[in-house]
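# Examining the three-dimensional arrangement
Here's the letter readout for the chains.
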Amino acid sequence: MHRESCDLLIVGAGINGAGIARDAALRGLDVIVCERGDIAGATSSASTKLIHGGLRYLEQGAFGLVRESLQERETLARIAAHLVRPQRFVVPHTGERPAWMLAAGLLLYDLLAGRSTLPRSRRLRADFPSLQHMQPPVSAAHAYYDLWVDDARLTLCTLLDAQAHGARVLPQSALSTVTAEGAHWRCTVGQTTVLARCVVNVAGPWMNAVEALRGVAAAPVRLVQGTHIVVPRLHAGDDAWLLQQPDRRVVFVIPFAGDFHLVGTTETDLPSPEALSATAAERRYLLDALRRAFGGAPVENDIRWEFSGMRPLIDGGGSARTASREYRMRMEGERGGRGWMSIQGGKLTTHRSLAERAVDRLAAFLGSNARCVTADRLLPGAEAAGPTQRSELARTLAQRHPALSSGWIATLVGRHGSETSPLLEQAARAGGPGRDFGGGLFEAEARWCAQYEWAYNADDVLWRRTKCGVGMSAAQRDTFARWWVDQRIG
Ligand SMILES: Cc1cc2nc3c(=O)[nH]c(=O)nc-3n(C[C@H](O)[C@H](O)[C@H](O)COP(=O)(O)OP(=O)(O)OC[C@H]3O[C@@H](n4cnc5c(N)ncnc54)[C@H](O)[C@@H]3O)c2cc1C
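Just so it is clear, the model here is predicted, and its values are computed rather than measured.

## Some thoughts on the overall build of the protein
In terms of helices and strands, the protein carries 14 helices and 20 strands. Computed over its C-alpha atoms, the radius of gyration of the protein comes to 23 Å, within 12% of the 23 Å expected for a compact globule of 490 residues. Here the C-alpha coordinates of the protein stretch approximately 70 × 60 × 45 Å along the principal axes. In the protein, buried positions account for 49% of the 490 residues. Considering only residue pairs separated by 6 or more positions, the protein has 69% of its internal contacts joining residues 24 or more positions apart.

Structural data, given as structure tokens:
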């Protein structure tokens, strides 16, 4: 068995593991990240994909969480500009909450955001264009802004930056045994033995299973499943919707992958992580929300894709809707000895600040006083920042590669930002984009994902490195999966 040693072994390559790996590697710590499946293969690719303060958390009085999230929204707009886009949300006044309450909530949201680069909220009149899609019509609404993000690629790029600063990344490698050995933990990770001074358990919903490997009893975790469905575009326009529901929950309807709308989410308590799976009741709940808002809404057969994720919430009793989205961080160990940190909960939005706090403690434990620099460094690909720079980059690259389709180049820039340039150099050397699999996916990009982005299975490419799977037929996806296996790419 292969042997390695490190300061930190991070268990789980979701957004929190990736964030901690990046922060620690940038401070010069020796880091290994292990992931039993794909990067962002679990919750971190199954979110609503919002970098947001969480308007509805204001109702629960979670002002600290909302303020921290809104500050992080600004930071991520800067360092991950190629992966986020400003998104306007329309909140129709449909009576579940009084109009004054919505107005007051949005005013507070704007105040907590401070000096934001996003526009402030405002009241919309009945003749506002997007409101014309509502059936039955509504007489008033509010609009506010948050950021939309490609969650899986945010996780990937965070980890790529960690790797660029020395972190070793082991996908498809589960942590399976842990034993204490002097000032180290001896861990079996896939086919490798790792001697680590500290282990960081960021296994998300599987946190208790990882704790059990060292004989520690389960912490009280409340698993709540959230399901999203993807349907063909309900109407034109770039606005998203926040639809209030009779049970006081909200359902988001967000433009997605060009021709689709993403609709979610639900809240269903789960007995264990293995029970994760979209239910008929969840589909019905989401389709009903669409029908109430837009009249003749899609039916079950129109659902093009669905995915479910789990929140391992801190269990304070009460309903899933009101359970805390804060995180809990626990550090054990004596200085000079071995350390163990476990983290429960959190949000995509706050992963960077969570990582900063975690690595402050881990670095102090390991005797390092290096400071956090993650808020000031761009993620790989973010050099082509806002929409203007992105279209300029696409134009420049199209001039440099006249033999390649400018439409394909623009799509790649939307996904890979400034990393599109080396991808195209490689494609040009291979004689072009290669085989066209449909849905905007070409051989050159698939090979790039395998070579530089740890894609191992066809699904990693179809649903996480890209979202091309949504626009492909089942037959096209099968053809791609067969090609992937035949070429032994992963
Ligand atoms: C439905 C839903 C919608 C959400 N929407 C938003 C949103 O819009 N905005 C927002 O900010 N947040 C959102 N969140 C929260 C956010 O998605 C999560 O907080 C975040 O993704 C959690 O990341 P994580 O790294 O802790 O966990 P995960 O992404 O679950 O990663 C844990 C990883 O550990 C791995 N693992 C488990 N056991 C082992 C082992 N033994 N060895 C190696 N690896 C192991 C797993 O395979 C997994 O990849 C949402 C959550 C849900 C469920």
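From this point, the discussion proceeds with the structure in view.
## Side note on the pairing of strand β10 (residues 192–201)
Counting buried residues along β10, seven of its 10 residues qualify, which places the element largely inside the surrounding structure. Pairing geometry for strand β1 (residues 2–11) and β10, over nine bridges, is parallel. Opposite L9, over in β10, you have V199 as the bridge partner. Two strands pair when backbone bridges link them, and strand β9 (residues 184–189) and β10 are joined in this way by five bridges, in the antiparallel orientation. Bridging from a neighbouring strand, C187 pairs with V194 of β10. The antiparallel hairpin formed by β9 and β10 contains two residues in its connecting segment, where G190 sits at a positive phi of about 55 degrees. The pairing of β10 with strand β18 (residues 339–345) spans four bridges and is classified as parallel.

## What to know about helix α4 (residues 99–113)
In a regular helix each residue adds 1.5 Å, so 15 residues correspond to 21 Å; α4 covers 21 Å between its end C-alpha atoms and thus fits that length. Residues of α4 that are buried include every one of L102, L106, Y109 and A113, and no others. Down the axis of α4, the sector holding all buried residues measures 55 degrees, keeping them to one side. More than 90 degrees from the buried face of α4, the exposed residues found are W100, M101, A104, L107 and L111. Once α4 finishes, G114 follows within two positions and takes phi at roughly 65 degrees, a positive value.

## As for the domain arrangement of the protein
Taken domain by domain, the protein holds domain 1 (2–43 + 153–219 + 324–365), domain 2 (85–148 + 222–314) and domain 3 (387–486). Centre-to-centre, using C-alpha coordinates, domain 1 lies 31 Å away from domain 3. Taken together, the contact pairs eight residues of domain 1 with six residues of domain 3. A breakdown of the residues in the side of domain 1 that touches domain 3 according to their chemical character gives five nonpolar, one polar and two charged.

## Quick notes on the site of the ligand
The local shell around the ligand holds 37 residues, among which G12, G14, S47, G204 and G226 are the closest. Across the shell around the ligand, the residue classes tally to 16 nonpolar, 16 polar and five charged. Each of two domains, domain 1 (2–43 + 153–219 + 324–365) and domain 2 (85–148 + 222–314), supplies a minimum of three residues to the shell around the ligand.

## Observations regarding the nonpolar core
Membership of the largest hydrophobic core comes to 143 residues, with the highest contact counts inside it found for L8, L9, A21, V31 and V33. Those residues in contact with A21, other than ones at most four positions away along the chain, are I10, V31, V33, L159, A162 and A167.

Scoring rules and cut-offs
Residues numbered from 1 in each chain as written. Predicted model: local features only at pLDDT ≥ 70, side-chain atom pairs only at ≥ 80, totals over all residues. Helix = DSSP H or I, 4+ residues; strand = E, 2+ residues; numbered from the N terminus. Rg over C-alpha atoms; globule rule 2.2 N^0.38 Å. Buried ≥ 20, exposed ≤ 12 C-beta atoms within 10 Å, placed from the backbone. Contact = placed C-beta atoms within 7 Å. Pairing = 2+ DSSP bridges. Expected span 1.5 Å × (residues − 1). Arc of directions from axis to C-beta. Domains from an automatic or database assignment. Nonpolar A, V, L, I, M, F, W, Y, C, P; charged D, E, K, R; others polar. Near = placed C-beta within 6 Å. Core = buried A, V, L, I, M, F, W, Y, C linked by C-beta atoms within 7 Å.

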